[in-house]
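Single-letter residue listing:
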Amino acid sequence: MLLYLWNSKILSQSGVRVFGGANVTVLSVKYKEFSSALDTQYTLDRPIVLPWLGIDIDFDLNERFKCSSGIGISIMGSKNYSKGIIVVPGVNIHPDLQVGFIRIPCYISYDLKIASITMGYSLNYSFRKNQNFFASDSLRFVNIYSDFQHAAIVGIRKDWNLISIAVNYHCPLNPISNTKDFYPQWTEKQKLYGWQMSIGFVLRESRKIKERV
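The rules behind these values
- Residues numbered from 1 in each chain as written.
- Predicted model: local features only at pLDDT ≥ 70, side-chain atom pairs only at ≥ 80, totals over all residues.
- Heavy atoms only, no water.
- Phe/Tyr/Trp six-rings, centres within 6.5 Å; stacked < 30°, edge-to-face > 60°.
- Helix = DSSP H or I, 4+ residues; strand = E, 2+ residues; numbered from the N terminus.
- Lys NZ or Arg CZ within 6 Å of the ring centre and 35° of its normal.
- Salt bridge = Lys/Arg side-chain N within 4 Å of Asp/Glu carboxyl O.
- Buried < 20%, exposed > 50% of the residue type's maximum accessible area, 1.4 Å probe, protein only.
- Pairing = 2+ DSSP bridges.
- Patch = residues over 30% accessible without salt bridge, like charges linked within 9 Å, V, L, I, M, F, W, Y side chains within 5 Å.
- Areas by Shrake-Rupley, 256 points an atom, 1.4 Å probe, with all protein chains shown as cover.

What about the packing of aromatic side chains?
No. 1: Tallied over the entire structure, the rule returns 8 aromatic pairs.
No. 2: Their ring planes at 55 degrees and their centres at 4.9 Å tell us that Tyr-169 and Trp-195 sit as a pair that is tilted. Of this pair, Tyr-169 sits in strand β11 (residues 163-172) while Trp-195 sits in strand β13 (residues 186-207); the two residues are 26 residues apart in sequence, bridging distant segments of the chain.
No. 3: Here the aromatic residues Tyr-81, Phe-133 and Tyr-145 are joined through ring pairs into a cluster of three or more.
No. 4: Between the NZ or CZ atom of Lys-129 and the centre of the ring of Tyr-145, over which it lies, the distance is 4.5 Å.

The following block contains the structure:
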């Protein structure tokens, strides 16, 4: 026997969040010498504030969980990055590091009523940078920069009708530069960490679904 049920509640919702905000990022350096026990990691105490913006699309899985994805542009970097670098006379090097990423996130949110907890992954493609990342010796001159960055995302988001505020922590999973085995005596990796704060507008679409049992 077929029973047709019409549920008067909203069974499915989707939303589009358009946002803009600021990245507060720092550069972490991991340095290791192969011939000794030296293996250290330190963060340059030179945070920089740079913009980011984008569009996220939300899909409700149930009353508490939803998944989201979208696209955006995120600018990350470090203050006074070129400090201490030997500059060739006549060559002008920007003092700060600024890297522009096209950002494609995918994450899950859990609604705690007062706010939503978000966790997920972000694929970032570097479309521009204002510094060069090369390793060189007497025989070679090699690019050690990675155009694709992978990152874990964890954060919190609060929506009030059309207004939405979010704070994320961006934790890189791979370095932006890596000398790998280029130098026989040592290696160096650089990663960009950051807090991402945004405010946006959420446009929601709701629809009633007819269930067939």
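There's more to say after this.
Observations concerning the pattern of salt bridges
No. 1: In the structure shown here, the tally under the stated rule is 5 salt bridges.
No. 2: With its nearest N and O atoms 3.7 Å apart, the salt bridge here joins Asp-96 to Lys-79. Here Asp-96 is found in the loop between β5 (65-78) and β6 (97-111), whereas its partner Lys-79 is found in the loop between β5 and β6, with 17 residues between them in sequence.
No. 3: Residue classification places Asp-96 among the buried positions, given a relative accessible area of 8%.
No. 4: Salt bridges here are not isolated pairs; linked through shared partners, they connect Asp-58, Lys-66, Arg-157, Asp-159 and Arg-204.

Things to note about the pairing of β6
No. 1: Of the strand pairs in this sheet, β5 and β6 are connected by 12 bridges, and their pairing is antiparallel. Residue pairing for β6: Ser-68 is matched across the bridge by Tyr-107.
No. 2: Where β6 and strand β7 (residues 116-129) come together, 13 bridges link them in antiparallel fashion. Pairing of Arg-103 across the sheet is with Asn-124, part of β7.
No. 3: If you look at the hairpin formed by β6 and β7, you'll find 4 residues sitting between the two strands, and Lys-113 has a positive phi there, around 75 degrees.

Concerning a nonpolar patch on the surface
No. 1: A contiguous nonpolar patch, built from Val-16, Val-18, Ile-55, Ile-57, Phe-59, Trp-160, Leu-162, Ile-163, Ile-165, Ile-199, Phe-201 and Leu-203 and spanning about 1,100 Å² of accessible area, is present on the exposed surface.
No. 2: When residues of the nonpolar patch are traced back to their parent elements, those giving at least two are β2 (12-33), β4 (48-60), β11 and β13.
No. 3: Inspection of the secondary structure assignment puts Ile-57 in strand β4.
No. 4: With relative accessibility at 35%, the residue Ile-57 sits in the partly exposed group.

Considerations on unusual backbone geometry
No. 1: Here the phi dihedral of Asn-80 falls at roughly 50 degrees; this positive angle occurs in a residue that is not glycine.
No. 2: For Lys-113, which is not glycine, the phi dihedral falls at a positive 75 degrees.
No. 3: Looking at where Lys-113 falls in the secondary structure, it is placed in the loop between β6 and β7.
No. 4: We classify Lys-113 as exposed; its relative accessible area is 58%.

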